Amino acid sequence: MKYQALELQLNDTKVIPTFIEQQLPELAADQVTVKVAYSDINYKDALTLNARSGVLRNYPQIPGIDAAGTVVASKSTAFKVDQKVLITGFDFGISAPGGYAEFITVPADWLVALPEKLTPQEAMWYGTAGFTAALSVRALLKYDFSLDAPLLITGATGGVGGWATAILHQLGYRNLTAVSRNQAATDYLHQLGATMVITPDELADPRHKPLQKQKFSGVVDAVGGDLLAEILPQVSYSGIVALSGNAGGNKLATTTLPFILRGIRLQGIDSVSYPANKRDAVWQQLATDFKPANRELLQYKTIDFNQLPTTLANFLAEKHQGRTLVSI
Ligand SMILES: NC(=O)c1ccc[n+]([C@@H]2O[C@H](COP(=O)([O-])OP(=O)(O)OC[C@H]3O[C@@H](n4cnc5c(N)ncnc54)[C@H](OP(=O)(O)O)[C@@H]3O)[C@@H](O)[C@H]2O)c1
């Protein structure tokens, strides 16, 4: 059977998205074919259009790091036909074909059974961003902070930061500071659950003192770079920074002092290689106690498959809030 997919082709240094026809392959042992209902656009997906970003090592490639849909063929005992599933991470949409396609054929252990209380559309509303937010929140929860503990979320208008803000609010945390460069987003972030909204400039210390007033017990950082360097000196004794992002760069200029004098921890968050056998538990939380009652406020727009090339191309240049879903 033939199906449509969006392929990225490299012409010199220019990446050209092109719709192509693919043939469903013969299933190998432990492989599953899924009819995709929804995919989404993450920061990393948008970077695949920039050959120099290094996100894709080889072109042509079908990108899309997330997908959700229904199993149509299975050579795995773990998944049966008609079962709803989702997929994020591993090599999906990076060194293996991804979710910007009507059908995907993947190893069974990359798939997660869709929790009963999530639709495929909701799963992609979360996508890798929501999954990463959940991993970040779980890292903070290990610290047993009181509900009044001051927590900071960066990149809060984006997918990871937006979901982290809404999930922490859902869990009852009531001292949440959201960071955004976009002052027009202040009301939106308050509605999501932020008690205070600040700009990155407000975190900057012109003297770059290595130890500053201890302001934040826990941080969900989706930006990294210079902003993280400003934050570390302000983390309270024994505090934690759950770092997932590098939207602000992947270099970190800092000192050891907050670590050796305040015992703070910088915890990396990785959604890509997170163990397959632990993913169900995280998605179950996203379907239940982490699922924000105010989630309708976490903005998303749904585009059609044929709008994907243009939306992807403009994604990083345009100011976007929340999540972008792709109806396949
Ligand atoms: N470790 C992992 O497994 C993992 C998983 C998912 C995502 N990520 C990474 O996490 C980051 C966020 O992903 P996302 O999907 O949430 O992206 P997103 O939706 O584009 O959101 C990123 C947000 O960061 C802020 N931002 C962007 N560039 C910035 C800069 N130079 N300085 C300060 N703030 C900046 C923007 O907020 P304002 O415009 O409001 O300031 C933007 O809304 C990306 O770097 C992504 O690659 C990592």
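Residues numbered from 1 in each chain as written. Predicted model: local features only at pLDDT ≥ 70, side-chain atom pairs only at ≥ 80, totals over all residues. Heavy atoms only, no water.

As annotated in an unreviewed UniProt entry, the protein carries the name NADPH:quinone reductase.

On to the pattern of salt bridges, then. When the charged atoms of two side chains lie near each other, side chains of opposite charge can form a pair. Taken as a whole and assessed by the stated rule, the structure comprises five salt bridges. For Arg-174, the salt bridge goes to Asp-148, with nearest N and O atoms at 2.7 Å. Note that Arg-174 is positioned in the loop between α3 (159-170) and β9 (176-179) and Asp-148 in the loop between α2 (120-141) and β8 (151-153), a separation of 26 residues in sequence. Among the salt bridges present, the one from Arg-207 reaches Asp-205, with a minimum N-O distance of 3.9 Å. Taking the relative accessible area as the measure of exposure, Arg-207 reaches 62% and is therefore exposed. One connected set of salt bridges, linked through shared partners, spans Glu-122, Lys-291 and Arg-295. (Salt bridge = Lys/Arg side-chain N within 4 Å of Asp/Glu carboxyl O. Helix = DSSP H or I, 4+ residues; strand = E, 2+ residues; numbered from the N terminus. Buried < 20%, exposed > 50% of the residue type's maximum accessible area, 1.4 Å probe, protein only.)

With respect to the helices and strands, the residue Lys-75 is situated in the loop between β4 (66-74) and β5 (84-88). Relative accessible area serves as the criterion here: at 48%, Lys-75 is assigned to the partly exposed category. C-alpha of Lys-75 to C-alpha of Leu-6: the two residues are 69 residues apart in sequence and 26 Å apart in space. Not counting chain neighbours up to four residues away, the residues in contact with Lys-75 comprise Leu-27, Ala-28, Ala-29, Asp-30 and Gln-31. Among the polar contacts listed, one links the side chain of Lys-75 to the backbone oxygen of Leu-27, at a separation of 3.4 Å. (Contact = heavy atoms within 4.5 Å. Polar contact = N/O pair within 3.5 Å; in protein donor to acceptor, adjacent residues only side chain to side chain.)

In the vicinity of the ligand lie 21 residues, with Thr-157, Val-160, Ser-180, Ile-269 and Ser-271 positioned nearest. In the environment of the ligand, an oxygen atom lies 2.5 Å from a nitrogen or oxygen atom belonging to the side chain of Thr-157. Contact distances for the ligand include 2.8 Å between an oxygen atom and a backbone N or O atom of Val-160. The set of elements that each furnish at least two residues to the shell around the ligand consists of α2 and α3. Tallied by class, the residues present in the shell around the ligand amount to six nonpolar, 13 polar and two charged. (Near = heavy atom within 4 Å. Nonpolar A, V, L, I, M, F, W, Y, C, P; charged D, E, K, R; others polar.)

Moving on, we get to the nonpolar core. One finds Leu-151, Leu-168, Leu-189 and Trp-283 to be the most contacted residues of the largest nonpolar core, which totals 51 residues. Of all the secondary structure elements, the ones that give two or more residues to this core are α2, β8, α3, β9, α4 (186-192), β12 (235-243) and α7 (276-287). Broken down by element, the residue count for this core peaks at 12 residues, all from α2. Shared between two domains, this core takes at least three residues from each, and those domains are domain 1 (2-114 + 298-327) and domain 2 (131-268). The residues touching Leu-189, leaving out its near neighbours within four places in the chain, are Ala-156, Thr-157, Ala-178, Ser-180, Ala-194 and Val-197. (Core = buried A, V, L, I, M, F, W, Y, C linked by side-chain atoms within 4.5 Å. Domains from an automatic or database assignment.)

The sites that carry the UniProt feature "domain: Enoyl reductase (ER)" (unreviewed entry) are, in the present numbering, residues 9-326. Spanning residues 9-326, this segment combines 25% helix with 26% strand, and its end C-alpha atoms are found 20 Å apart. (UniProt positions renumbered as here; feature names shortened; annotations may be inferred.)

Given two aromatic rings, one states the distance between the centres and the angle between the planes to describe the pair. Tallying each qualifying case throughout the model produces 10 aromatic pairs. Measuring from centroid to centroid gives 4.6 Å for Trp-125 and Tyr-300, while their planes differ by 50 degrees, and the two rings are tilted. Of this pair, Trp-125 sits in helix α2 while Tyr-300 sits in strand β14 (residues 300-304), and the two are 175 residues apart along the sequence. Note on Trp-125: relative accessible area 4%, which makes it buried. (Phe/Tyr/Trp six-rings, centres within 6.5 Å; stacked < 30°, edge-to-face > 60°.)

This part takes up α2. With 22 residues, α2 extends only 27 Å from end C-alpha to end C-alpha; this falls clearly short of the ideal 32 Å at 1.5 Å per step. At Gly-127, α2 shows its largest kink, close to 70 degrees. Among the 22 residues in α2, 19 count as buried, and that is most of the element. (Expected span 1.5 Å × (residues − 1). Bend = angle between axes of the 7 residues up to and from the residue.)

In spatial order, the strands read β10-β9-β8-β11-β12-β13; together these six strands make up an open sheet with parallel pairing. Edge strands, defined here as strands with exactly one partner in the open sheet, are β10 (196-198) and β13 (265-268). Taking each pair of neighbouring strands and ignoring which way they run, the sheet shows an average axis angle of 20 degrees. By the bridge criterion, three bridges tie β9 to β10 in an arrangement that is parallel. Opposite Ala-178, over in β10, you have Val-197 as the bridge partner. In the packing of α2 onto the sheet, contacts are made with β8, β11 (216-221), β12 and β13, and the angle to β12 comes to roughly 160 degrees. Across the sheet, α3 lies against β8, β9 and β11, angled at about 150 degrees from β8, the strand it touches most. (Pairing = 2+ DSSP bridges. Axes fitted to C-alpha atoms, helices over the stretch in contact; angles between N-to-C directions.)

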